[in-house]
Amino acid sequence: MIRNYPGHTPRIYYDGEAGISVENSDHIEIRGFEIQGPNDQINLADALSNRLVKDNFYNGVGIDVENSEHIRITNNVVSNSPNAGIKFENSDNIVAINNEVTKNTLYGSDGDSGITIINPSEDFGDTSSDVKIGIINNQVSENVNNVPCYKPNYDNAQFLSDNSIEIPRNDYCTEDQTYIQDGNGVAVINHTPENYNGQVQITNNIISRNGNAGILLIGSDQADISDNTVAWNGITSKDPPSSRPDNSGIEIVDSQS
């Protein structure tokens, strides 16, 4: 467990890849921190200039979890991260509970959301259909994208096919993208029975004033979305250069129960 001393709230300021990074690990709890990124030191012009460069100063994540299992993130305040506040990638048995995640995703070019779950994995051996992803009792607000997404190889059709990546537009996350598409409160991406049997629970969260949808599911099945307050999202303009969809509450794309 990585946690605060009782009665104390340690602050972690970071200007690199992440405030806290968890990689190739298991059975970790992160509790009781204030994690603050460098957004207050960044201006939009510099962030746009760095869009293709992807220097870590402009692309950090508050709490970044990769290739790990049984990870619990609880009772933290995560703010001002250029990309996601909390991000789980290629991981399993993960939960974010009782966190405040605010004012993240402003200047990164990963197309992230306040809390991002992407490509959950069963490579660790648990292939059960239990609830294995939990987003519970969080406050998620003011996570807005200002920089168009860019990811290397997204203009390569073979790369997208090999990695089972479906994109909303042909120029999405390529060098040619000029519009804003992302910046959600909570996003779950590529969670399907073909690669992951576990269920997702998104419940009792307060999700407001985010750039696009409050809750977004893309290619994500077996999700229980219940008892959330989702209000006043979609604050990114729909006028050019934005491509924000009409929906700004709960958006479900290519997903099933």
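Anything mentioned here points back to the structure above.
Rules behind the numbers
Residues numbered from 1 in each chain as written. Predicted model: local features only at pLDDT ≥ 70, side-chain atom pairs only at ≥ 80, totals over all residues. Heavy atoms only, no water. 1 Å grid on protein atoms, 1.4 Å probe; cavity = no way out; pocket = protein on both sides within 12 Å on 5 of 7 lines; lining within 4 Å. Points joined across faces, edges and corners; volume = space filled by probe spheres on them. Helix = DSSP H or I, 4+ residues; strand = E, 2+ residues; numbered from the N terminus. Nonpolar A, V, L, I, M, F, W, Y, C, P; charged D, E, K, R; others polar. Polar contact = N/O pair within 3.5 Å; in protein donor to acceptor, adjacent residues only side chain to side chain. Contact = heavy atoms within 4.5 Å. Disulfide = S-S within 2.5 Å. Buried < 20%, exposed > 50% of the residue type's maximum accessible area, 1.4 Å probe, protein only.

**Some thoughts on the layout of surface pockets**
Volume-wise, the largest pocket comes out at about 1,100 Å³. Around the largest pocket sit 40 residues that line it, and Ile 118, Lys 151, Tyr 154, Ile 189 and Asn 190 are the ones nearest its centre. Counting only elements with at least two residues in the lining of the largest pocket, the list comes to strand E6 (61–66), strand E9 (86–89), strand E12 (115–118), strand E15 (186–191), strand E18 (215–220) and strand E21 (250–253). Residue composition of the lining of the largest pocket, grouped by class: 12 nonpolar, 14 polar and 14 charged.

**Examining the environment of Gln 199**
By secondary structure assignment, the location of Gln 199 is in strand E16 (residues 199–203). Between the C-alpha atom of Gln 199 and that of Gln 36, which follows or precedes it by 163 residues, the distance is 31 Å. A polar side-chain atom of Gln 199 sits 2.8 Å from the main-chain carbonyl oxygen of Ser 129.

**Describing the environment of Asp 64**
On the secondary structure map, Asp 64 appears in strand E6. Each C-alpha atom, one on Asp 64 and one on Ser 248, is 26 Å from the other, the two residues being 184 residues apart in sequence. In this structure, Asp 64 is in contact with Ala 18, Ile 20, Ser 21, Val 22 and Lys 87, ignoring residues within four places of it in sequence.

**Some details on the state of the cysteines**
Evaluated as defined, the whole model comprises 1 disulfide. A disulfide bridge connects Cys 149 with Cys 173, and the sulfur atoms are separated by 1.9 Å. One quick way to see it: the torsion about the S-S bond of Cys 149 and Cys 173 is about 95 degrees, and its sign makes the bridge right-handed. Of the two residues, Cys 149 is situated in the loop between strand E14 (139–141) and helix H2 (157–162) and Cys 173 in the loop between H2 and E15; the sequence distance between them amounts to 24 residues. Judged on exposure class, the residue Cys 149 and its partner Cys 173 are both buried.

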